[in-house]
Amino acid sequence: MNWLSPFQYDFMLAALGVGAVVGIVCAVLSCFLVLKGWSLMGDAISHAVLPGIVLAHVAGVPLPIGAFCSGLFCAVSTGFIKSHSRVKEDTVMGVVFTGLFALGLVLFTKVESDQHLNHILFGSLLGIPRAQIIQTGVIGAGTLLVTLALRRDLLLFCFDPAHARSIGLNTARLNYLLLSLVALSIVAALQAVGIILVVAMLVTPGCFAYLLTDRFGRMLWLAAGSAVGSCLGGVYVSFFINGSTGACIVLLQSTCFLLALMFAPKRGLLASRWRRQAALVEGVPTGKRG
Amino acid sequence: MNPAPTNSTVAAGLRNEVLVSDVTVSYNNGTVAVYDATFRLQAGSICALVGVNGSGKSTLFKTIMGFLKPAQGSVTIGGETIASAQRLNWVAYVPQSEEVDWSFPVSVWDVVMMGRYGYMSFLRIPGAADRRLVEASLRRVEMWDFRERQIGELSGGQKKRVFLARALAQQGRVILLDEPFTGVDVKTEAAIVELLRELRAAGNIMLVSTHNLGSVPEFCDQTVIINRTVLAAGPTVEVFTEQNLARAFGGVLRHFRFDESTIQKHDGRTVTVLTDDERPLVFGKDGHVEYSQRNGREEVVKQRAEQEDDE
Ligand SMILES: Nc1ncnc2c1ncn2[C@@H]1O[C@H](COP(=O)(O)OP(=O)(O)OP(=O)(O)O)[C@@H](O)[C@H]1O
Ligand SMILES: [Mg+2]
């Protein structure tokens, strides 16, 4: 077996390129989602894109537009129902996104389409048409650019919305901006990992980085690094084992997270255990020393 | 302490005022939290906002910061609406400790720099002046040495001072402090009070919500007592009376009555009240407030001595 053989195929190179772009975009947004506590929101939006895709197909509109609109509809209607009823947000979200997902499934079976449901649900990085590559690249690059340019406002919005408002920032607008960016990154990532697993791309890298550092700048780099590594690795591995590319990517990301959870220098399980033991040996109470 | 980084002078502060007129605020669920609240704060004052739990202190704060729209009445700052006062960076806010996510990956420096965001372009790239002001603010609250720390790795008092530094860096004219003394030791409390006094001298307005009644007459020149509406507002010496407080708090205050206690006249000034937590509030014979320090209150002491002679 030749270890370099994957690189001889154009479809593999395309898959690696698209995987890297999607990985970076989702990783950067995952840092905000993890800090804002919006992980479930990522899951909800990703499931809710399905009816939008089907309806866009019927109406002859580009699929990403349909996906984006129905994803955002899920987020907005969740917010509306929450503020006008006594039901808690996570419950509302659970009801809304499963409802939209089910609607999507029903619509899909009723509509003649050249799409495979499997591809929408689980993604297909191998053998992407050229137009699709360009589309993913443009959406991904745009989302990444806006997110990075406005990262300080978005971070302030996540950290202290009261202060953000008191200096005259429009927090309602920032809220919708962040939701839209999440929806866009999901649209970009659908091709790679599909509806079911995209939430992993939007949570795991940020979570991994959060365990490793106390600085937001470094967190962005670590998340992006681990995501790109996992995407490239996942595509590469899936070539040999002939397995689902999306699943391979997500599995590698989960492995990164587990390693960080165990071995992170400050917040890892082993590190805190060692600190406790060292403290016991020295007879000093645990906590801050020196 | 270092010279004030705020450039609001007393002259500029003269136009500075907070006007709350006839404000009624209700929540989505129909609770009317505050009704017909009216009071006015002038430049160069520290105002205490006191009342029982649920009396509407936080609600009034949120209204002054523009988070809640009054159903009736209006709030203006220096003649401007809240929205334009915010764009001018006039309103700074020191949050309650419970409102902050202390595990957030930001450093002390980052947090104080957030006070400068309102002055930067939309990319929020700090300039040299911003960095200078952040440094000056951090030094002023004696937190410069901690600038690289993640904000969770600080003591309660240090955390408070970081957010005070952010308000300083923001150079707001009006600073709102929600429960600034909870979880803070006597030394830090004194430092915070000292800082507030300096800001008052520079013409700023501080509105402080507190349950620590004993400290109110010590450093607040104005007091607003609320229980869903303003029960009394004005100079602390006039407003902060036993009757008003009894009206606001009903039976919930802990009382230590000297005439009911074993303290005798011959105890004179050797009476000592110890407390491990909050500064005790002590009312004298005619229902006037007793202060813990005579320094700076000579005229009060003299006046009361004369009254005593008259009797
Ligand atoms: N988000 C909300 N929705 C509905 N009612 C609310 C909300 N927040 C507060 N209230 C109600 O408004 C009233 C005033 O509450 P507020 O938080 O202003 O009190 P407070 O004076 O700050 O109390 P504390 O001393 O406990 O901080 C209370 O009766 C409270 O139940
Ligand atoms: Mg309150």
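Scoring rules and cut-offs
Residues numbered from 1 in each chain as written. Chains lettered and ligands numbered in written order. Predicted model: local features only at pLDDT ≥ 70, side-chain atom pairs only at ≥ 80, totals over all residues. Heavy atoms only, no water. Contact = heavy atoms within 4.5 Å. Buried area = accessible area lost by both parts, 1.4 Å probe. Salt bridge = Lys/Arg side-chain N within 4 Å of Asp/Glu carboxyl O. Polar contact = N/O pair within 3.5 Å; in protein donor to acceptor, adjacent residues only side chain to side chain. Helix = DSSP H or I, 4+ residues; strand = E, 2+ residues; numbered from the N terminus. Nonpolar A, V, L, I, M, F, W, Y, C, P; charged D, E, K, R; others polar. Phe/Tyr/Trp six-rings, centres within 6.5 Å; stacked < 30°, edge-to-face > 60°. Buried < 20%, exposed > 50% of the residue type's maximum accessible area, 1.4 Å probe, protein only. Lys NZ or Arg CZ within 6 Å of the ring centre and 35° of its normal. Core = buried A, V, L, I, M, F, W, Y, C linked by side-chain atoms within 4.5 Å. Pairing = 2+ DSSP bridges. Lys, Arg positive; Asp, Glu negative; His and termini not counted. Domains from an automatic or database assignment. Axes fitted to C-alpha atoms, helices over the stretch in contact; angles between N-to-C directions. Parallel < 35°, antiparallel > 145°, perpendicular 65-115°, else oblique. Left-handed = near helix turned anticlockwise from the far one by under 90°. Near = heavy atom within 4 Å. Areas by Shrake-Rupley, 256 points an atom, 1.4 Å probe, with all protein chains shown as cover.

## Some thoughts on the interface of chain A and chain B
Size of an interface, as often reported, equals the accessible area lost when the parts are brought together.
Then comes step 1: In this assembly, 26 residues from chain A lie in contact with 32 residues from chain B.
Then comes step 2: Approximately 2500 Å² of surface area, both sides summed, lies buried where chain A meets chain B, with 58% of it carried by carbon and sulfur atoms.
Then comes step 3: Along the contact surface separating chain A from chain B lie four salt bridges.
Then comes step 4: Put simply, Asp160 of chain A and Arg166 of chain B hold a salt bridge, and the shortest N to O gap is 2.8 Å.
Then comes step 5: In this structure, the connection of chain A to chain B is made through ten residue pairs in polar contact (both at pLDDT 80 or more).
Then comes step 6: Listing elements by their share of the side of chain A that touches chain B, those giving two or more residues are α7 (151-159), α8 (161-166) and α11 (216-241) of chain A.
Then comes step 7: Sorting elements by how many residues they give to the side of chain A that touches chain B places α7 of chain A first, with six residues.
Then comes step 8: Looking at side-chain class alone, the side of chain A that touches chain B contains 13 nonpolar, five polar and eight charged residues.

## Some details on the packing of aromatic side chains
Aromatic ring pairs are described here by two measures, namely the spacing of the ring centres and the angle between the planes.
Then comes step 1: Inspection of every chain in the model, using the stated rule, returns twelve aromatic pairs over all chains.
Then comes step 2: Considering the side-chain rings of Phe181 of chain B and Phe219 of chain B, the 5.6 Å spacing of their centres and the 85° angle between planes classify their relative orientation as edge-to-face. Linking Phe181 of chain B in the loop between β7 (174-178) and α7 (186-201) with Phe219 of chain B in helix α8 (residues 216-219), this pair joins segments that are 38 residues apart in sequence. In this pair, the class of Phe181 of chain B matches that of Phe219 of chain B, namely buried.
Then comes step 3: Positioned above the aromatic ring of Phe157 of chain A is the side chain of Lys36 of chain A, whose terminal nitrogen or guanidinium carbon lies 4.2 Å from the ring centre.

## With respect to the pattern of salt bridges
Opposite charge on two side chains makes pairing possible when the charged atoms of those side chains draw close.
Then comes step 1: Within this structure, the stated rule accounts for eleven salt bridges over all chains.
Then comes step 2: The salt bridge partner of Asp214 of chain A is Arg267 of chain A, with a shortest N-O separation of 2.6 Å. Of this pair, Asp214 of chain A sits in the loop between α10 (204-212) and α11 while Arg267 of chain A sits in the loop between α12 (245-263) and α13 (269-282), placing them 53 residues apart in sequence.
Then comes step 3: For Asp214 of chain A, a relative accessible area of 12% corresponds to the buried category.
Then comes step 4: Residues Glu198 of chain B and Arg140 of chain B are paired through a salt bridge, measuring 3.0 Å at the closest nitrogen-oxygen approach. Of this pair, Glu198 of chain B sits in helix α7 while Arg140 of chain B is found in helix α5 (residues 128-140), placing the two residues 58 residues apart along the sequence.
Then comes step 5: Overall, Arg140 of chain B belongs to the buried group, its relative accessible area being 1%.
Then comes step 6: Put simply, Asp214, Lys266 and Arg267 of chain A together with Glu153 of chain B are held in one network by salt bridges that share partners.

## Let's talk about the nonpolar core
Then comes step 1: Membership of the largest hydrophobic core comes to 130 residues, with the highest contact counts inside it found for Phe159 of chain A together with Leu196 of chain B.
Then comes step 2: In terms of residue count, helix α9 (residues 171-201) of chain A provides more of this core than any other element does, 17 residues in total.
Then comes step 3: Contacts of Leu196 of chain B, omitting those with residues within four sequence positions, involve Ile46, Leu177, Met206, Val208 and Phe219 of chain B.
Then comes step 4: Ranked by size, the runner-up nonpolar core spans 31 residues in total, among them Met65, Leu68, Val174 and Val224 of chain B.

## Points about the pairing of strand β9 (residues 222-226) of chain B
Residue and element names in this part refer to chain B.
Then comes step 1: The buried fraction of β9 is high, at five of five residues.
Then comes step 2: Judged by which residues are buried, β9 turns out to be covered on both faces: Gln222, Val224 and Ile226 on one side and Thr223 and Ile225 on the other are all buried.
Then comes step 3: Here strand β3 (residues 45-50) runs beside β9; their pairing, made up of four bridges, is parallel. Note that in β9 the partner of Ala48 across the bridge is Thr223.

## As for the side chain of Lys57 of chain B
All names here are of chain B.
Then comes step 1: With respect to the helices and strands, the residue Lys57 is situated in helix α2 (residues 57-64).
Then comes step 2: Buried charge without a salt bridge: Lys57, with Glu179 as the nearest opposite-charge side chain at an N-O distance of 5.3 Å.
Then comes step 3: Once residues lying within four places of it in the same chain are set aside, the contact partners of Lys57 are Leu49, Val50, Gly51, Val52, Glu179, Ser209, His211 and Ile226.

## Side note on the side chain of Ser226 of chain A
Then comes step 1: Tracing the backbone through its elements, the reader meets Ser226 of chain A in helix α11.
Then comes step 2: Filtering out sequence-adjacent residues up to four positions away, Ser226 of chain A remains in contact with Pro205, Phe208 and Cys256 of chain A.

## Points about the domain arrangement of chain B
All names here are of chain B.
Then comes step 1: Assigned domains of chain B: these are domain 1 (8-241) and domain 2 (254-310).
Then comes step 2: With eleven residues of domain 1 at the contact, the number on the domain 2 side is nine residues.
Then comes step 3: Summing the contributions of domain 1 and of domain 2, the shared interface buries around 870 Å²; its carbon and sulfur component is 52%.
Then comes step 4: At the junction of domain 1 and domain 2, the tally comes to zero salt bridges.
Then comes step 5: Viewed at the interface, domain 2 and domain 1 are joined by zero residue pairs in polar contact (both at pLDDT 80 or more).

## Some details on the sheet that holds strand β10 (residues 230-235) of chain B
All names here are of chain B.
Then comes step 1: One open sheet accounts for six strands, arranged β6-β7-β8-β3-β9-β10; its pairing is mixed. Looking at the sheet topology across the chains shown, the edges are occupied by β6 (91-94) and β10. Mean inter-strand twist for the sheet, computed between neighbouring axes without regard to direction, equals 15°.

## Concerning the environment of Leu178 of chain A
Then comes step 1: Locating Leu178 of chain A in the fold gives a position in helix α9.
Then comes step 2: Residue contacts for Leu178 of chain A: discarding those within four places in its chain leaves Leu29, Phe32, Trp38, Leu154, Phe157 and Cys158 of chain A.

## Here we look at the packing of helix α2 (residues 39-59) of chain A against helix α3 (residues 63-83) of chain A
Residue and element names in this part refer to chain A.
Then comes step 1: Following both chains from N to C, one finds α2 and α3 inclined at 135°, their axes separated by 6 Å at the closest point. Between α2 and α3, the crossing angle belongs to the class labelled oblique. Relative to α3, α2 is oriented so that their crossing is right-handed. Within the contact between the two elements, α2 uses Met41, Ala44, Ile45, Ala48, Val49, Leu50, Pro51, Gly52, Ile53, Ala56 and His57 and α3 uses Leu63, Gly66, Ala67, Ser70, Gly71, Cys74 and Ala75.
Then comes step 2: Looking at the contact of α2 with α3 residue by residue, the class counts come to 13 nonpolar, five polar and no charged.

## As for the sheet that holds strand β4 (residues 72-77) of chain B
Residues and elements named next belong to chain B.
Then comes step 1: The antiparallel open sheet is built from four strands, whose spatial order is β2-β1-β4-β5. Here the strands that pair on one side only, and so sit at the sheet edges, are β2 (32-42) and β5 (80-81).
Then comes step 2: Two strands pair when backbone bridges link them, and strand β1 (residues 17-26) and β4 are joined in this way by five bridges, in the antiparallel orientation. Residue pairing in the sheet places Val20 in a bridge with Val75 of β4.
Then comes step 3: Taken strand by strand, α2 contacts β1, β2 and β4, and its axis lies near 65° from that of β2.

## Some remarks on the site of ligand 1
Residue and element names in this part refer to chain B.
Then comes step 1: In the vicinity of ligand 1 there are 13 residues, among which Gly54, Lys57, Ser58, Thr59 and His211 approach most closely.
Then comes step 2: One of the backbone N or O atoms of Gly56 is found 3.0 Å from an oxygen atom in ligand 1.
Then comes step 3: Within the side chain of Ser58, a nitrogen or oxygen atom sits 2.7 Å from an oxygen atom of ligand 1.
Then comes step 4: Contact with the protein chains covers 63% of the free accessible surface of ligand 1, which is 640 Å².
Then comes step 5: Per-element tally for the shell around ligand 1: the top contributor is α2, with three residues.
Then comes step 6: For the shell around ligand 1, the class distribution of residues is three nonpolar, nine polar and one charged.

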